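Structural description and commentary
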Amino acid sequence: MKCPVCGKEAKPTGKEWKFGQFDAKGYKCPACGKSSSAYYKEGKLSHTVPKTK
Ligand SMILES: [Zn+2]
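Residues numbered from 1 in each chain as written. Predicted model: local features only at pLDDT ≥ 70, side-chain atom pairs only at ≥ 80, totals over all residues. Heavy atoms only, no water.

**A short note on the sheet that holds strand S3 (residues 35–41)**
- Sheet architecture is open: four strands sit in the order S1-S2-S3-S4, paired in antiparallel fashion. Every interior strand has two partners, whereas the edge strands, strand S1 (11–19) and strand S4 (44–50), have only one. Pairs of neighbouring strands in the sheet enclose a mean axial angle of 25°, with direction left out of account.
- Examined bridge by bridge, strand S2 (residues 22–28) and S3 share six bridges and lie antiparallel to one another. Pairing of Ala-24 across the sheet is with Tyr-39, part of S3. (Pairing = 2+ DSSP bridges. Helix = DSSP H or I, 4+ residues; strand = E, 2+ residues; numbered from the N terminus. Axes fitted to C-alpha atoms, helices over the stretch in contact; angles between N-to-C directions.)

So this is what it looks like as structure tokens:
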């Protein structure tokens, strides 16, 4: 998936979890180093949230 911060391709971290009715996956962008979470609903990408740290 695309990094929500810089738009480059982010790599999955392998982390997956449930968030309410969403399936969430962790991503890390090699270009800018930001981590983000992608939320899927019924197999479709719903939204991405950059991690603030
Ligand atoms: Zn990035």
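Still more to cover.
**Let's talk about the side chain of Ser-37**
- Mapped onto the elements of the fold, Ser-37 is located in strand S3.
- Taking relative accessible area as the criterion, Ser-37 reaches 5% and is therefore assigned buried.
- When neighbours within four sequence positions are excluded, Ser-37 is seen to be in contact with Trp-17, Lys-25, His-47, Thr-48, Val-49 and Lys-51. (Buried < 20%, exposed > 50% of the residue type's maximum accessible area, 1.4 Å probe, protein only. Contact = heavy atoms within 4.5 Å.)

**Let's talk about the side chain of Ser-36**
- Relative to the helices and strands, Ser-36 is located in strand S3.
- Contacts of Ser-36, omitting those with residues within four sequence positions, involve Met-1, Pro-4, Lys-25, Gly-26, Tyr-27, Val-49, Pro-50 and Lys-51.

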